[in-house]
Amino acid sequence: MKIINIKDNDNYLTEYIKLCNLEWGNKKDNIEKYIIEKKEKILSNDKVISILGLIDENNLVGFISLFKYDGEYRKDLTPWYATMYVKKDYRGKGYSKLLNEALLNEAKKLGYTKVYLKTELENYYEKFGAIFQENLNDKEKLYYFQLDN
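Description of the structure in this document. (Residues numbered from 1 in each chain as written. Predicted model: local features only at pLDDT ≥ 70, side-chain atom pairs only at ≥ 80, totals over all residues. Heavy atoms only, no water.)

## Side note on the pairing of strand β7 (residues 141-146)
Piece 1. The pairing of strand β5 (residues 114-119) with β7 spans six bridges and is classified as antiparallel. Considered in β7, the bridge of Y116 is made with Y144.
Piece 2. In this structure, the hairpin formed by strand β6 (residues 131-135) and β7 is closed by a connection of five residues. (Pairing = 2+ DSSP bridges. Helix = DSSP H or I, 4+ residues; strand = E, 2+ residues; numbered from the N terminus.)

Here it is as structure tokens:
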């Protein structure tokens, strides 16, 4: 297993976009056009700081992203922990912990002292060290990770 920046690999980036669309997107009808547009946005760095992928023998196992902002809430905060995903066949093996550690280390290397996260999940990110900050709306809560530099 190894962690790579998948922004640098066209095949993994395409797979990332497809999986994000299936998991959190609108299930675009013209997926090929959507992939081209999404790649342009990602590579222009308008929102995305890093996309880290966990690779096993050239297979993308999972990924996690560091965004400048995530949604409409609290755009005054940056960076944001986003899109943690592990494929179903690989779940329950601690890979989300590896992705979490890789993302927080990436943020530290980039000079950040906190990373923010919004989620509807209860008692999940706390096991990685996330600290509750506030309620964003009826469903989502805001957490942060304090980074030691």
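Text resumes after the structure shown.
## Describing the nonpolar core
Piece 1. Of all hydrophobic cores here, the largest spans 24 residues; its most connected members are Y16, I17, I42, I51 and F63.
Piece 2. At the level of elements, α1 (10-24), α2 (31-43), β2 (48-56), β3 (59-67), β4 (80-86) and β7 are the ones that each hand at least two residues to this core.
Piece 3. Here this core gets six residues from one element, more than from any other, and that element is α1.
Piece 4. Residues in contact with F63, not counting those within four places in the same chain, are I6, Y16, L19, C20, W24, L52, G53, T83, M84, Y85 and L99.
Piece 5. Counting residues in each nonpolar core, the second largest holds 23 residues, with M84, V115, L117 and A130 among its members. (Core = buried A, V, L, I, M, F, W, Y, C linked by side-chain atoms within 4.5 Å. Buried < 20%, exposed > 50% of the residue type's maximum accessible area, 1.4 Å probe, protein only. Contact = heavy atoms within 4.5 Å.)

## Looking at unusual backbone geometry
In terms of backbone geometry, most residues other than glycine have negative phi values and most peptide bonds are trans.
Piece 1. Following T78, the chain continues into P79 via a peptide bond in cis, with omega recorded as -5°.
Piece 2. Notably, T83 is not glycine yet its phi reads approximately 50°, a positive angle.
Piece 3. Of note, N123 is a non-glycine position whose phi angle comes to about 55°, a positive value.
Piece 4. In this structure, N123 sits in the loop between β5 and β6.
Piece 5. Residue classification places N123 among the exposed residues on the basis of a relative accessible area of 64%.

## Quick notes on the packing of aromatic side chains
Aromatic ring pairs are described here by two measures, namely the spacing of the ring centres and the angle between the planes.
Piece 1. Considering all chains together, one arrives at 11 aromatic pairs under this definition.
Piece 2. On the numbers, 5.5 Å between centres and 85° between planes, the contact of Y81 with Y125 is edge-to-face. Of the two residues, Y81 sits in strand β4 while Y125 sits in the loop between β5 and β6, which places them 44 residues apart along the sequence.
Piece 3. Relative accessible area serves as the criterion here: at 10%, Y125 is assigned to the buried category.
Piece 4. Plain terms: the ring middles of Y124 and F128 are 5.5 Å apart, the flat faces sit at 85° to each other, and that makes the pair edge-to-face.
Piece 5. For F128, a relative accessible area of 14% translates into the label buried.
Piece 6. Here the aromatic residues Y81, Y124, Y125, F128 and F145 are joined through ring pairs into a cluster of three or more.
Piece 7. Here K75 stacks its cationic end above the ring of Y69, 4.9 Å away from the centre of that ring.
Piece 8. Residue placement shows K114 over the ring face of Y144; its charged tip is 4.3 Å from the ring centre. (Phe/Tyr/Trp six-rings, centres within 6.5 Å; stacked < 30°, edge-to-face > 60°. Lys NZ or Arg CZ within 6 Å of the ring centre and 35° of its normal.)

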